[in-house]
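Reading the structure
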Amino acid sequence: MATADPRTGIRPPYDAVIFDLDGVIADLGSADGPRVLPGAAALTRRLKRSGIALGLVTGARDTATLLRAEGLDQTFDAVVDRAAFPEAARRLGVAPERTAVVEDSAAGIAEARRLGFGLVVGIDRVTARDDLESAGADFVLSDVAELDLGARRVDPWLLVYEGFDPAREAHREALTTLGNGYLATRGALPEHRDDGVHYPGTYLAGVYNRLTSTVEGRPREDEELVNAPNWLPFDLRVEDGRWWSEGGLRVEWDRRELDLRRGILTRTARLAAGDGRALRVTQRRLVSMDRPHLAAMQVTVAAEGWSGTVGVRTGIDPNVVNGNAVESRLLANRHLVPLGTEQLDDTLVTEVRTSQSKVRIATAARTRCRDPHTAGALEDDGAGRAMARLDIPLADRRPVTVERTIAVVTSRDSAIASPRDAALEELRRADDPFDRLAERHAAAWRRLWDRFAIELDAHNQVRLVVNLHLFHMLQAISPHTESLDAGVPARGLHGEGYRGHVFWDELFVLPVYATRLPSVARALLDYRWRRLDAARDAARRAGLHGAMFPWQSGSDGREETPHRLYNPRSGRWMPDNSRRQRHVGLAVAWAAWQHYQATGDTAWFAARGAELVIEVTRLFAAMAGHEPADDRYHIAGVLGPDEYHDGYPDAPGEGLRDNAYTNVLTAWLCRRAMETLSILPAHERDDLVARLDIHPDEPGHWMRLGRRLAVPFHDGVISQFDGYHRLAELDWERYRRRYGNIGRLDLILEAEGDSPNNYRLSKQADVLMLLYLLGPDELTTLLAELGYPFTDADLARTVAYYLARTAHGSTLSRVVHTSVLARLDPSTAWNEFREALDADLDDTQGGTTGRGIHLGAMAGTIDILTRTFAGIRMDNGTLLFAPRPPGGLRRATATLSYRGQRITIALDRHALRLTAEPSATPPVRVQVDRISARLGGGETLEFPLTGDS
């Protein structure tokens, strides 16, 4: 039996782990000779420190030598011959049901499952995931370093963690975040403060603050999404003993269960005092989807085998900083100025103000216990937290419940007299027990799932992750977002990665909302429209016309991208020139156009969307320079979506010439600008022309630009940018062997004194983004109109070229590759899709999820199910389908809104069925492959799928 973790006192979820050596711990067939895989050594040492017995099954003769060379010769407690899992368990003295097996072969997985091992984990390094799952793996990872022994993935609506692993805690906190689009709180344990392992964080959409730091002797100003006062603190003690937070109670076992359907996080734990007395604790938590300013926590405590008094203290911590990211701890990070705390009967009220933006935040917390208790005075716990204390008598095994209701209001909110008064009023209106608040909260979630849920006949983990992605999307952006002036935060409201800034993620996020909650999508686009003047000003200061949107946006639309980026590998600050990614404006214009296509909202488009399209077109028209020698327009000084190349080897930081993605999408946008002027009613068009002062010569210039932009090619392949083919090839295998996860090649190469500018590589999809957005038919047509014939063979060659040169340093990358491969190689597309799904679930980027989920990638996987696998596109009033269901997806059902019709889409391998809910809205045109029809309210259409579909 495993002993308790000496650091935490918690018994691990399993007594032992048995690993297969080849393919899990080591690569025995490496060209450089046998080697331990990157990450495996750190994982096994960590498990060993946690009190878990480790076994190794091997068929290699030189195992001892290999382990000794890596310093692992004392790590494994039993090393046995291959296919000897029972013998390894026997030598370790553990029962199979209390033992985990980690194996990379389907035969080994099936054997471990047959023998009754408690957890069977597959490692897929050669796209064998389906075989491993079919053999009985509980779940499959792409790298053993991603292993979380406490993860349970049985129910597609439950995310469960057992035990405690300090190395995985930040990841678990992010994935168990609760939010409602206005407010979100990480799934941190209430008895802990920010201590390097735990990180309680609460974030309010759109609440930013600026601080000035000194970096390398120079002042630097940064704006961040503010970590608001922590409302979670809840502490216990037995009699007059030490508090739980101070080590007075030891956690013997711990389980967290996130109910995705209802949005409730439940934690159960058993606590033991030093004198042998024990408590059973159940904590339930919600952030109300019914009332955006409310959160609540219910704690039930029961004594086991004794009677006496338990002390409870609850409070609010206003002394928080922004420290979730490594870089934040190197910069000024104290954004809040405490204004005071007061106690009003059973309620604490804390007020703070952000230091620069002057946003006042009031947090009110009401604590109630129905059982007899003695209430103590407000006290400071020694750590700057205001705490209210209760002493509650407990009788053996008779549970007592304490409930906390929290209200958070800021000075940015409308219809309030003051944040303090509004927070207290919210509590007065919510004068209900936790269970009643939970009922209304769950009802609000039911209404959202009615719009967003996707029913799948696929592997259980696929269903779980799709639900998880939708859940976190709706926690970051919900109907409550509609009334806020907030954009699409790249890391949700789940952490401080990227400082809470808004990038180009609306490109991936807004299509999902435009077809489910179009009013919310419109509000997110309005965030950009309200900052149009800031973008115009940025263009003017650069000597250009139009609107230059920032790569990183925050409160007011100015450029928030820092000039220096910290590299934890080298310990150095390195230049950050990503502000040259002018394609963010193309993403804004794309999203505005797609929203109009989905909704047909001509009034919004005429008033706001058209301005976004026209002003971004103007910017790229101003950036493009004509060269008579080739009669082509060229755009220089930019970065593409790749991000790794910020210039040429001899001119780093100065940008690139003719990034293919930027130029082709600019050509697409020029056509949309012309179309904008033609589709608007005459009076709306005339008003737009007058409002924007569109010169009569401008449309003609857009037309010429859209037909004569340069697109670089080499060897029948679209070049990522002019001169890309002249760069050196990277020794990909050498870097993979040495580093394992090479997603952040920019940091790896900088630490080696090298640069991505020297190589043919991509952080993420760049050229292939064109196929993701336009599809092969529209891309081929557009290139032909630009004067570049492009065949199917050229397309296949271009895809293969970049698949081999992409580091997947962004979670968005596999989303794009899935879409691109869906038509060319469906089986590989499904494997890519599974990798995209697992990015945050397994933290495949190596620690980034702990700083917030990747909202764009989560939305992208949902978009893949509809736009790629169902093949949905929208074109001037027609809903187009070109279904391409992959082998791993047997059936999918989703509900979308299109121009006023709510349509249920059911797709399987044989047919596509469209059913419109009863409605007085005019019928919509649909086209499936080449078959056209009209679909009206209450009607159903079914289309058989041919072998080519």
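The coordinates are above.
Only a predicted model underlies this, so the values are computations on that prediction, with no experimental measurement involved. Sequence positions are assigned chain by chain, starting from 1 and proceeding in written order. pLDDT decides what is reported in this predicted model: residues at 70 or higher carry local features, side-chain atom pairs at 80 or more are listed and counted, and totals for whole chains, interfaces and linings draw on all residues regardless. Excluding hydrogens and water, the side-chain values take into account all heavy atoms of the structure.

**Quick word on the packing of aromatic side chains**
Going by this rule: Pairing of aromatic rings covers Phe, Tyr and the six-membered ring of Trp, with a centre-to-centre limit of 6.5 Å; geometry is then stacked below 30 degrees between planes, edge-to-face above 60, and tilted otherwise. The helix and strand labels rest on DSSP assignments: H or I over at least four residues marks a helix, E over at least two residues marks a strand, and numbering proceeds from the N terminus. When a residue's accessible area, from a 1.4 Å probe over protein chains only, is under 20% of the maximum for its type it is buried; when over 50% it is exposed; and in between it is partly exposed. When the NZ atom of lysine or the CZ atom of arginine is within 6 Å of a ring's centre and also within 35 degrees of its normal, the charge is said to sit over that ring.
Scanning the entire structure with this criterion turns up 27 aromatic pairs. When the centroid spacing of 4.7 Å and the interplanar angle of 45° are considered together, the rings of Trp590 and Trp668 count as tilted. With a gap of 78 residues between them, Trp590 in helix α13 (residues 583-599) and Trp668 in helix α15 (residues 660-679) connect regions that are remote in the sequence. Assigned by exposure class, Trp590 and Trp668 land together as buried. The ring of Phe139 carries the charged tip of Arg153 above its face, separated from the ring centre by 4.4 Å. The ring of Trp157 has Arg261 sitting right over it, with the charged end atom 4.1 Å from the ring centre.

**Considering the sheet that holds strand β4 (residues 53-58)**
For clarity, the cut-off: Any two strands between which DSSP finds at least two bridges are classified as paired. Here, axes are lines fitted to C-alpha atoms. For helices the fit covers the stretch in contact, and angles between N-to-C directions go from 0 to 180 degrees. For this analysis, residues touch if any pair of their heavy atoms sits within 4.5 Å.
The strand order across the open sheet built from six strands is β5-β4-β1-β6-β7-β8, with neighbouring strands paired in parallel fashion. The open sheet is flanked by β5 (78-81) and β8 (139-141), the only strands paired with a single partner. For this sheet the average axis-to-axis angle between neighbouring strands, irrespective of direction, equals 20°. Relative to β8, strand β7 (residues 119-123) runs parallel, the two being bridged by three bridges. Pairing of Val121 across the sheet is with Phe139, part of β8. On the sheet, helix α4 (residues 106-114) packs against β6 (99-103) and β7 and is oriented at approximately 175° with respect to β7.

**Points about the sheet that holds strand β22 (residues 347-354)**
Spatial ordering of the open sheet is given by β9-β10-β16-β17-β18-β19-β27-β23-β22-β21, a layout of ten strands whose pairing is antiparallel. Sheet topology places β9 (151-152) and β21 (336-344) at the edges, where each strand pairs with a single neighbour. Sheet topology places β9 next to strand β10 (residues 158-162); two bridges connect them, and they run antiparallel. Pairing of Arg152 across the sheet is with Val160, part of β10.

**Here's the deal with empty space enclosed by the protein**
Here is the rule we go by: Site definitions follow a grid-based scheme: protein atoms alone, a 1 Å grid, a 1.4 Å probe that fits but cannot get out for cavities, and for pockets an open set with protein on both sides within 12 Å along at least five of seven lines, plus lining residues having an atom within 4 Å of a point. Grid points are joined across faces, edges and corners, and a volume is the space filled by probe spheres set on the points. Each residue receives one of three labels: charged for Asp, Glu, Lys and Arg, nonpolar for Ala, Val, Leu, Ile, Met, Phe, Trp, Tyr, Cys and Pro, and polar for the others, Gly being one of them.
Counting across every chain of the model gives eight cavities of 30 Å³ or more. Roughly 110 Å³ of internal volume is contained in the second largest cavity. Lining the second largest cavity are 14 residues, and of these Ala205, Gly206, Ala486, Gly487 and Pro489 lie nearest its centre. Ranked by residue count, the leading element in the lining of the second largest cavity is strand β13 (residues 202-215), at three residues. Looking at side-chain class alone, the lining of the second largest cavity contains ten nonpolar, four polar and no charged residues.

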